[in-house]
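# What the coordinates show
Listed below are the residues making up each chain.
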Amino acid sequence: MQYLDTHTFNLQAPVKTGSAHKPRVLILYGSLRANSISKKVAIEAGNILTDMGAEVRYFNPQGLPVFDHGESAEHPKVIELRDLVTWSEAQVWSSPELHGNMSAALKNQIDWIPLSIGAVRPTQGKVLAVMQVSGGSQSFNAVNNMRILGRWMRMLTIPNQSSVAKAYNEFNDDGSMRASSYRDRVVDVMEELMRFTYLTRDNKDFLVDRYSERKAQVTPQTEMPPAMADILEQKTPSVEAKQMSCC
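The residue numbers shown here count from 1 along each chain, following its written sequence. Side-chain atom pairs in this predicted model are given and counted only at pLDDT of 80 or more, local residue features only at pLDDT of at least 70, and totals for whole chains, interfaces and linings cover all residues. The side-chain numbers reported here are obtained from all heavy atoms of the structure, hydrogens and water having been left aside.

## Comments concerning unusual backbone geometry
Rules: For every residue, the accessible area obtained with a 1.4 Å probe (protein chains only) is divided by the maximum for its type, and the residue is called buried under 20%, exposed over 50%, and partly exposed between those limits. Helix numbering and strand numbering both begin at the N terminus, where a helix is a DSSP run of H or I of at least 4 residues and a strand a DSSP run of E of at least 2.
Despite not being glycine, His 69 shows a phi value in the positive range, around 60°. Residue classification places His 69 among the partly exposed positions, given a relative accessible area of 30%. You will see that His 99, though not glycine, has its phi angle at about 50°, which is positive. When you line up the elements, His 99 lands in the loop between strand 3 (90–96) and helix 3 (104–111). Judged by relative accessible area, His 99 falls into the exposed class, the value being 88%.

## Focus: the packing of aromatic side chains
Which entries qualify depends on this criterion: What counts as a ring pair is set by centres within 6.5 Å for rings of Phe, Tyr and Trp (its six-membered ring), and what kind of pair is set by the plane angle: stacked under 30 degrees, edge-to-face over 60, tilted for all other angles. Counted as over-ring charges are cases with an Arg CZ or a Lys NZ within 6 Å of the ring centre that also lie within 35 degrees of the ring normal.
Under the counting rule described, the total for this entry stands at two aromatic pairs. Judged by centre distance (5.1 Å) and plane angle (80°), the ring pair of Phe 67 and Trp 112 falls under edge-to-face. Residue Phe 67 is located in the loop between strand 2 (55–59) and helix 2 (76–87), and its partner Trp 112 is located in the loop between helix 3 and strand 4 (116–117); the two are separated by 45 residues in the primary sequence. Judged by relative accessible area, which is 23%, Phe 67 ranks as partly exposed. In this structure, Arg 57 packs its charged tip against the face of Trp 87, placed 4.1 Å from the ring centre.

## Quick notes on the environment of Ser 94
Quick note on the threshold: In what follows, a contact means two residues having at least one pair of non-hydrogen atoms within 4.5 Å.
Inspection of the secondary structure assignment puts Ser 94 in strand 3. We classify Ser 94 as buried; its relative accessible area is 0%. Along the backbone, Ser 94 and Gln 132 are 38 residues apart, and their C-alpha atoms lie at a distance of 5.4 Å. Setting aside anything within four residues of it in sequence, one finds Ser 94 in contact with Leu 28, Tyr 29, Gly 30, Ser 38, Val 41, Ala 42, Leu 106 and Met 131.

## Here we look at the pattern of salt bridges
We count it as follows: Basic side-chain nitrogens of Lys or Arg form a salt bridge, by our definition, when they fall within 4 Å of a carboxyl oxygen of Asp or Glu.
Within this structure, the stated rule accounts for 11 salt bridges. Linking Arg 24 and Glu 89 is a salt bridge whose minimum nitrogen-to-oxygen distance equals 3.8 Å. One end of the pair, Arg 24, is in strand 1 (residues 24–29); the other, Glu 89, is in the loop between helix 2 and strand 3, with 65 residues separating them in the sequence. On the basis of relative accessibility, which here comes to 24%, the residue Arg 24 falls in the partly exposed class. A residue is classified by how much of its surface remains accessible, and Glu 89, at 12% relative accessible area, is buried. In this structure, Arg 201 and Glu 89 form a salt bridge, with 3.1 Å as the shortest nitrogen-oxygen distance. Of this pair, Arg 201 sits in the loop between helix 5 (181–200) and helix 6 (204–207) while Glu 89 sits in the loop between helix 2 and strand 3, and the two are 112 residues apart along the sequence. On the basis of relative accessible area, Arg 201 is assigned to the buried category, the value being 9%.

## What to know about helix 1 (residues 37–51)
Structurally, the α-helix is built with 3.6 residues per turn, so residues lying three or four positions apart point the same way. Short version of the rule: Under the convention used throughout, the expected extent of a helix is 1.5 Å for every residue step, that is, one less than its residue count.
With 15 residues, helix 1 should cover 21 Å at 1.5 Å per step; its first-to-last C-alpha distance of 21 Å lies within 8% of that length. When we look at burial in helix 1, the residues that qualify are Ile 37, Ser 38, Val 41, Ala 42, Glu 44, Ala 45, Gly 46, Ile 48 and Leu 49. At its buried positions, helix 1 is contacted by strand 1, strand 2, strand 3, strand 5 (127–133) and helix 5. Phi turns positive one or two residues past the end of helix 1, at Gly 53, with a value near 110°.

## Quick look at the nonpolar core
Selection rule: In these notes, a set of buried Ala, Val, Leu, Ile, Met, Phe, Trp, Tyr and Cys residues joined through side-chain atoms within 4.5 Å is what counts as a nonpolar core.
Counting residues in hydrophobic clusters, the biggest one holds 27 residues, and the most contacted among them are Val 25, Leu 49, Val 92, Met 190 and Leu 193. Secondary-structure elements contributing two or more residues to this core are strand 1, helix 1, strand 3, strand 5 and helix 5. Leave out the neighbours within four places in its chain, and Val 25 touches Leu 49, Ala 54, Glu 55, Val 56, Arg 57, Trp 87, Ala 90, Gln 91, Val 92 and Leu 193.

Written out as structure tokens, the structure is:
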């Protein structure tokens, strides 16, 4: 292992005084309908988190433009979303399952959050919980695909998750969840999210510090391969960068 002789690995987390503020949790939901069930689950989760001591904010996806590789980066809804992501220490994603996957509304929100905005990596090291609702039998397609997204966004996705089957039967007239094993699971997931957030929020930079990134020199986006260029964003994409875009 001679190639590592000149490299020192810092493998123990630094001793820090824990943050005293409430955990900051952003909740995203994947529907534009006023009576959306995925929104109802999101609000239930938010109420649980508030009761557990978190500061919770929601992003309303209504009016968010379709992702266009940064052309609409100055749109007020895009700015609002990115500011909330930067503010958050943890996130909850709640989506209906449509055609065996998360909704386009949820995916569009994630697409507007690049891995890097200048020197800031807005999602790296933040904790994530995923939830889905289904109109039929229980399924895990949406949450499984959201896990892939969470990993790609360099988030710390917790092991537990929630999938509510026949979700139209699981809510009271006031929008709250009825007592059931599904509601119990939502509480379990939010409890685990809070624990992971307390454990990691002061050490997230340490947890995602990478040898290869420390070793590599900073490379301008225009010199990067297309796969990396598409997940980083310039405020004013150059013609060359646009031509390099993969999709």
